[in-house]
Amino acid sequence: QEQLVESGGGLVHPGGSLTLSCVHSQTIAWMDVLGWYRQAPGNQREKVAEMTGGTSPYYLEAVKGRFTISRDNAKNTIYLQMNNLKYEDTAVYYCNIRRPGEVTWGQGTQVTVSA
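An account of the accompanying structure is given in this report. (Residues numbered from 1 in each chain as written. Predicted model: local features only at pLDDT ≥ 70, side-chain atom pairs only at ≥ 80, totals over all residues. Heavy atoms only, no water.)

Time to look at the packing of aromatic side chains. One pass over the full model with this rule turns up two aromatic pairs. With a centroid separation of 6.5 Å and 85° between ring planes, the pair formed by Tyr94 and Trp105 is classed as edge-to-face. Within this pair, whereas Tyr94 is found in strand 9 (residues 91–99), its partner Trp105 is found in strand 10 (residues 102–105), the two being separated by eleven residues in sequence. Chaining the aromatic ring pairs together yields one cluster made of Tyr37, Tyr94 and Trp105. Sitting above the plane of the Tyr94 ring, Arg45 keeps its charged end 3.8 Å from the centroid. The ring of Tyr58 carries Lys47 above its face, with NZ or CZ at 5.4 Å from the centroid. (Phe/Tyr/Trp six-rings, centres within 6.5 Å; stacked < 30°, edge-to-face > 60°. Helix = DSSP H or I, 4+ residues; strand = E, 2+ residues; numbered from the N terminus. Lys NZ or Arg CZ within 6 Å of the ring centre and 35° of its normal.)

Structure (structure tokens):
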């Protein structure tokens, strides 16, 4: 069964960094749309970053300059590097792969920014 498994979340202080990883059970194709989303309690799920072949990555305005999405096809893995974390970054983070007629979500990993 196709699946995505996130890891790398945890508790960090403001200004700290985390790298999230998302391992896909299948090969990631060049044209797959790869994304990271987040959802905090009481909030809508929002797109944090997205990339695909032929386009520049998208970043949520609130994370521009701080977060970087990347991929390693050999490892079937999507990454989200998060720097200079802020309180408002606290959320469950989900990875996502979108193909024509198909969307796959991970189960999420908790990121908590607290002093």
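Of note, the phi angle at Asn76 is positive, near 50°, even though the residue is not glycine. Its place among the elements puts Asn76 in the loop between strand 7 (67–72) and strand 8 (77–82). For Asn84, which is not glycine, the phi torsion reads 50° and is therefore positive. Asn84 sits in the partly exposed class, given a relative accessible area of 43%. (Buried < 20%, exposed > 50% of the residue type's maximum accessible area, 1.4 Å probe, protein only.)

Sheets are built from strands that pair by backbone hydrogen bonding, the pairs being arranged parallel or antiparallel. Pairing within the open sheet is antiparallel, and its four strands lie in the order 1-3-8-7. Whereas interior strands pair on both sides, the edge strands pair on one side only; in this sheet they are strand 1 (4–7) and strand 7. Strand-to-strand twist of the sheet, defined as the mean angle between neighbouring strand axes without regard to direction, takes the value 15°. Of the pairings in the sheet, the one linking strand 7 to strand 8 comprises six bridges and is antiparallel in character. Across the sheet, Ile69 pairs through a bridge with Leu80, a residue of strand 8. (Pairing = 2+ DSSP bridges. Axes fitted to C-alpha atoms, helices over the stretch in contact; angles between N-to-C directions.)

Time to look at the nonpolar core. Trp36, Leu80, Met82 and Tyr93 are the most contacted members of the largest nonpolar core, which has 27 residues in total. At the level of secondary structure, the elements contributing two or more residues to this core comprise strand 3 (18–24), strand 4 (33–39), strand 5 (46–51), strand 7, strand 8, strand 9 and strand 11 (109–113). Beyond its immediate chain neighbours, meaning those up to four positions away, Tyr93 contacts Glu6, Leu20, Trp36, Tyr37, Arg38, Val48, Phe67, Leu80, Met82, Gly108, Thr109 and Val111. (Core = buried A, V, L, I, M, F, W, Y, C linked by side-chain atoms within 4.5 Å. Contact = heavy atoms within 4.5 Å.)

By the secondary structure assignment, Arg71 is in strand 7. For the pair Arg71 and Cys22, spaced 49 residues apart in sequence, the C-alpha separation works out to 9.3 Å. The residues touching Arg71, leaving out its near neighbours within four places in the chain, are Ile28, Ala29, Trp30, Asp32, Leu34, Met51, Thr77 and Ile78. Here Asn73 takes part through its side chain, which lies 2.8 Å from a polar atom of the side chain of Arg71. (Polar contact = N/O pair within 3.5 Å; in protein donor to acceptor, adjacent residues only side chain to side chain.)

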